[in-house]
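Observations on the three-dimensional arrangement
Each chain is listed here by its residues.
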Amino acid sequence: MPIVRNLGRAASQLLQSSGCGCGVSIVPVRCIGVSPRQVASDASFHSVTFSESDHPRVLITGGLGQLGVGLAKLLRKRFGKNNVILSDIRKPADNVFYSGPFIFADILDYKNLREIVVNNRITWLFHYSALLSAVGEANVPLARAVNITGLHNVLDIAAEHNLRLFIPSTIGAFGPTSPRDPAPDLCIQRPRTIYGVSKVHAELMGEYYHYRYGLDFRCLRYPGIISADSQPGGGTTDYAVKIFHDAIKTGKFKCYLKPDTRLPMMYIDDCLKATLEVMEAPAESLTMRTYNINAMSFSPEELAQEVQKYVPELQVTYNVDQVRQAIADSWPMNFDDSNARRDWGWKHDYDLPELVTTMFSYLGSDSRIAQAN
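Because the structure is a prediction, the values reported are computed rather than measured.

1. A few points about the overall build of the protein chain
- Counting secondary structure elements, the protein chain contains 14 helices and 13 strands.
- A total of 373 residues make up the protein chain; the buried ones form 50% of that total.
- Taking contacts inside the protein chain between residues at least 6 apart in sequence as the whole, the part at least 24 apart equals 76%.
- Here the protein chain displays about 17700 Å² of accessible surface, and carbon together with sulfur accounts for 53% of that area.

2. Side note on the sheet that holds strand E8 (residues 224-226)
- Pairing within the open sheet is mixed, and its three strands lie in the order E8-E10-E12. The open sheet has two free edges, formed respectively by E8 and strand E12 (296-298), since each of these has just one partner strand. Neighbour-to-neighbour, the strand axes of this sheet turn through a mean angle of 45°, independent of strand direction.

3. Regarding the environment of Trp346
- Mapping Trp346 onto the fold places it in the loop between helix H12 (338-343) and helix H13 (352-362).
- Residue classification places Trp346 among the buried residues on the basis of a relative accessible area of 2%.
- When the C-alpha atoms of Trp346 and Lys273 are compared, they prove to be 9.0 Å apart, with 73 residues separating the residues in sequence.
- In this structure the side chain of Trp346 is engaged in a polar contact, spanning 3.1 Å, whose partner is the side chain of Asp337.

4. A short note on the side chain of Asp88
- Position of Asp88 relative to the elements: it lies in strand E2 (residues 84-88).
- Only 3.4 Å separates the side chain of Asp88 from the backbone nitrogen of Gly63, close enough to count as a polar contact.
- Within the structure, Asp88 has its side chain in polar contact with the backbone nitrogen of Arg90 (distance 3.5 Å).

5. Comments concerning helix H6 (residues 140-160)
- End to end, H6 covers 29 Å across 21 residues, agreeing with the expected 30 Å (1.5 Å per residue, within 8%).
- Where H6 terminates, the next one or two residues include Asn162, which has phi positive at roughly 60°.

6. A look at the packing of aromatic side chains
- Applying the stated criterion across every chain yields a total of 16 aromatic pairs.
- Considering the side-chain rings of Tyr310 and Phe360, the 5.5 Å spacing of their centres and the 40° angle between planes classify their relative orientation as tilted. In this pair, Tyr310 is assigned in the loop between helix H10 (300-307) and strand E13 (315-318) and Phe360 in helix H13, connecting sequence segments 50 residues apart. Comparing Tyr310 with Phe360 shows no difference in burial state: the two are buried.
- An aromatic cluster of three or more residues is present, and its members are Phe79, Trp124, Phe126, Tyr128, Phe166 and Tyr222.

7. Considering the nonpolar core
- Residues Ile60, Phe126, Tyr239, Phe298, Leu303 and Trp344 are the most contacted members of the largest nonpolar core, which totals 72 residues.
- Broken down by element, the residue count for this core peaks at seven residues, all from helix H9 (residues 268-280).
- Apart from residues no more than four positions distant in its own chain, Trp344 is found in contact with Leu220, Ala274, Glu277, Val278, Ala281, Leu286, Tyr291 and Ile293.
- Leu59, Ile107, Val117 and Cys219 belong to the second-largest nonpolar core, a separate cluster that totals 28 residues.

8. Some thoughts on the pairing of strand E10 (residues 263-267)
- Within E10, five of the five residues are buried, leaving the element largely enclosed by the surrounding structure.
- Residue alternation in E10 divides its side chains into two sets, Leu263, Met265 and Tyr267 and Pro264 and Met266, and both sets are buried.
- Relative to E10, E8 is paired through three bridges, and the arrangement is parallel. Bridge assignment links Gly224 to a residue of E10, and that residue is Met265.

9. Observations regarding the packing of helix H4 (residues 110-119) against H6
- Look at H4 against H6: their axes get within 10 Å of each other, and the N-to-C directions meet at 35°. The interaxial crossing formed by H4 with H6 has right-handed handedness. Where H4 approaches H6, its residues Tyr110, Leu113, Arg114 and Val117 are matched on the opposing element by Asn153, Val154, Asp156, Ile157 and Glu160.
- Taken together, the residues of the contact of H4 with H6 break down into five nonpolar, one polar and three charged.

10. Side note on unusual backbone geometry
- Note the cis peptide between Asp181 and Pro182, where omega equals 0°.
- Position of Pro182 among the secondary structure elements: in the loop between strand E6 (169-170) and helix H7 (194-213).
- At Arg121, a residue that is not glycine, the phi angle is positive and equals roughly 55°.
- Structurally, the position occupied by Arg121 is in the loop between H4 and strand E4 (124-127).

11. Concerning the pattern of salt bridges
- Summed over the entire model, instances satisfying the criterion amount to 15 salt bridges.
- We note a salt bridge from Asp88 to Arg90, for which the minimum N-O separation is 3.8 Å.
- For Asp88, a relative accessible area of 8% corresponds to the buried category.
- Among the residues examined, Arg90 registers a relative accessible area of 48% and is labelled partly exposed.
- Close ionic contact of Lys273 with Asp349 constitutes a salt bridge, the shortest N to O distance being 3.1 Å. Of the two residues, Lys273 sits in helix H9 while Asp349 sits in the loop between H12 and H13, which places them 76 residues apart along the sequence.
- Assessed through its relative accessible area of 22%, Lys273 is described here as partly exposed.
- When salt bridges with common partners are traced through the structure, they connect Arg164, Asp216, Arg218 and Arg289 into a single cluster.

Procedures and definitions
Counting restarts for each chain: residues are numbered from 1 in the order of the written sequence. For this predicted model, a pLDDT threshold of at least 70 governs which residues receive local features, and a threshold of 80 or more governs which side-chain atom pairs are given and counted, while totals over whole chains, interfaces and linings are taken from all residues. With hydrogens and water stripped out, all remaining heavy atoms of the structure feed into the side-chain values. Only DSSP runs of H or I reaching four residues or more are called helices, and only runs of E reaching two or more are called strands; each is numbered from the N terminus. Partly exposed residues are those whose accessible area sits between 20% and 50% of the maximum for their type, while under 20% is buried and over 50% is exposed, using a 1.4 Å probe and protein chains only. Throughout, a residue-residue contact means that at least one pair of heavy atoms, one from each residue, lies within 4.5 Å. To measure how exposed things are, a 1.4 Å probe is used in the Shrake-Rupley method; for residues, cover is taken only from the protein chains shown. A pair of strands is labelled paired if DSSP reports no fewer than 2 bridges between them. Here the axes come from fitting lines to C-alpha atoms, over the contacting stretch only for helices, and the angles between their N-to-C directions go from 0 to 180 degrees. N or O atoms closer than or at 3.5 Å make up a polar contact, with two conditions inside protein: a donor-capable atom paired with an acceptor-capable one, and, for residues adjacent in sequence, both atoms drawn from side chains. For a helix, the expected span equals 1.5 Å multiplied by the number of residues minus one. Centres within 6.5 Å make a pair out of two Phe, Tyr or Trp rings, where for Trp the six-membered ring is used; the pair is then stacked when the planes are under 30 degrees apart, edge-to-face when over 60, and tilted otherwise. Side-chain atoms within 4.5 Å link the members of a nonpolar core, which is a set of buried Ala, Val, Leu, Ile, Met, Phe, Trp, Tyr and Cys residues. Working rule for handedness: look at the near helix, and if it is turned counterclockwise from the far one by less than a right angle, call the crossing left-handed; if clockwise, right-handed. Amino acids outside the nonpolar list (Ala, Val, Leu, Ile, Met, Phe, Trp, Tyr, Cys, Pro) and the charged list (Asp, Glu, Lys, Arg) are all regarded as polar, and Gly is one of them. Salt bridges are identified by distance alone: a Lys or Arg side-chain nitrogen within 4 Å of an Asp or Glu carboxyl oxygen.

In structure tokens form, the structure reads like this:
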């Protein structure tokens, strides 16, 4: 880059001949690539090691989704309320707004996101902004912008500012040619949704930034996540949340997948626990940067039978959505998460019976449970 070298040489000569006689220190900068967001090649891109009295400063993007609010609550208990900033482009509910720091952050606005990281001295970033599978298929251009362009912004900022970066991946990162029962961590991945394609892209770009720049990138492939705190958000596995709401409100549930469609699932508390554990794991214990995690695997029919133990009058019908069914049929029926269990001690707490009991408990169906018991 002769222009940069010539400008540096000219500036050095000018400053060294300054009439004030002051000594000026010139720090040489070597740049790599041709991106407008240049990163010094001799910078140290390794995460800060935190002492017991020095907690990380956390930013969560896309924080008003299914996982962000729960993760913020968990991290605030661990690191302190003011050390965890939740962000989104939507207005939060009162209970979320008053529970801790919240700011507007658009991941497509690189300059604004960079300012947030700098002004708040962020050291850990959890990047949850994404359009899910079925929603993404309905608006591919928007999904491409949010899931891919937004990712690039986050990666560049994380590398520039030495962040420890977590990006969730998904069951949707696998495709119809992937092993289905179980799907290992490393295998062929040819997803057929823009959501899945963008998540494979995130996995590979994160690993590239790790090996090229030393970015402390960490990633988990989530199965379907079930939570009582949020409404279904457009994902293919969201039937497993909707059935509980419908069972309590109407006693009738219409499923958009076939009754025997088996998929890996997990209760949200296990998901959040795994996320924190992999972020706190010593770097030397990680043999890879993207791990499968799993807890259970079931079909709509099996879930309905377990739910009917608590709501015997529940009526279940099946009206198959061909788009979502095709997506589900291309995904694994089970995950092999043996590497996560070996490397950083992953262990789930909730199986299907515990999941159903907990969901009804949180959704306020104590009277129905009492009747069933």
